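Chain and residue survey
Spelled out from the first residue to the last, the chains are:
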Amino acid sequence: MKTTVHELDTDGKPFTDVTPLLRYFAAEAGGDGLVHAFVPHATAGLALIETGSGTEEDLASVIDGVMPPDDRWRHSHGSRGHGRDHVLPAWLTPSVVVPVLGGAPALGTWQSLVLVDTNRDNPRRSLRLSFVSG
């Protein structure tokens, strides 16, 4: 299995498109198989979404609506609403598996792999990509 870890700085933004990293890794691995993408964090998840069309803002509205960044959370250290950051990975999984065909991720036309991180307290994130050949 081939594995790499990318260190990312989200710069406080809730969405970071990691599709270019996925495409590069899949091309380096070559052939057919599966890429497992994983963020080893208690406050981040991954999503396969269309980017640049307003989907990020729509997803942010849903997250804020379902999990408001306020003081209702029992997990209460950190900035206001930080408890919801710890609930996020229960709704947006910290891992995704993407098929690879001929060294290219077999994503849909408009799909992108996005790191979702609403945690303003820690902008440093890791993304582990692992390739299992098929």
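Residues numbered from 1 in each chain as written. Predicted model: local features only at pLDDT ≥ 70, side-chain atom pairs only at ≥ 80, totals over all residues. Heavy atoms only, no water.

This brings us to the overall build of the protein chain. Helices and strands together make up the secondary structure of the protein chain, namely three helices and eight strands. When the helices and strands of the protein chain are listed from N to C terminus, the series reads β-β-α-β-β-α-α-β-β-β-β. A compact globule built from 134 residues should have a C-alpha radius of gyration of about 14 Å, and the protein chain, at 15 Å, falls within 12% of that. Projected onto its principal axes, the C-alpha positions of the protein chain cover 50 × 30 × 25 Å. A buried classification covers 42% of the 134 residues belonging to the protein chain. Within the protein chain, contacts between residues separated by at least 24 positions form 82% of all contacts whose residues are at least 6 apart in sequence. Carbon and sulfur atoms form 54% of the exposed surface of the protein chain, whose accessible area is close to 7,000 Å². Taken as two groups, the 11 positive and 16 negative side-chain charges of the protein chain have centres that lie 5 Å from each other. (Helix = DSSP H or I, 4+ residues; strand = E, 2+ residues; numbered from the N terminus. Rg over C-alpha atoms; globule rule 2.2 N^0.38 Å. Buried < 20%, exposed > 50% of the residue type's maximum accessible area, 1.4 Å probe, protein only. Contact = heavy atoms within 4.5 Å. Areas by Shrake-Rupley, 256 points an atom, 1.4 Å probe, with all protein chains shown as cover. Lys, Arg positive; Asp, Glu negative; His and termini not counted. Charge placed at Lys NZ, Arg CZ, Asp CG, Glu CD.)

The next subject is the sheet that holds strand β1 (residues 2–9). With antiparallel pairing, five strands are arranged side by side in an open sheet as β1-β8-β3-β5-β6. Taken across any chain shown, the strands that pair with only one partner, and hence form the sheet edges, are β1 and β6 (104–105). As paired strands, strand β5 (residues 95–101) and β6 are joined by two bridges and run antiparallel to one another. Bridge pairing in β6 links L101 to A104. (Pairing = 2+ DSSP bridges.)

Once that is clear, we can look at the side chain of T118. Relative to the elements of secondary structure, T118 occurs in the loop between β7 (112–117) and β8 (124–133). T118 sits in the buried class, given a relative accessible area of 12%. Here the side chain of T118 touches D85 through a polar contact of 2.5 Å, side chain to side chain. For T118, the contacting residues outside a window of four places in its chain are T43, I63, R84, D85 and L88. (Polar contact = N/O pair within 3.5 Å; in protein donor to acceptor, adjacent residues only side chain to side chain.)

This part takes up the sheet that holds β7. Each strand in a sheet pairs with its neighbour through backbone hydrogen bonds, running either in the same direction (parallel) or in the opposite one (antiparallel). Spatial strand order, β2-β7-β4: three strands in an open sheet with antiparallel pairing. The open sheet has two free edges, formed respectively by β2 (15–17) and β4 (44–49), since each of these has just one partner strand. For this sheet, the mean inter-axis angle between neighbouring strands, taken without regard to orientation, is 30°. The pairing of β2 with β7 spans three bridges and is classified as antiparallel. Opposite D17, over in β7, you have V114 as the bridge partner. (Axes fitted to C-alpha atoms, helices over the stretch in contact; angles between N-to-C directions.)

Everything listed here is a matter of geometry and, on its own, says nothing about what the molecule does.
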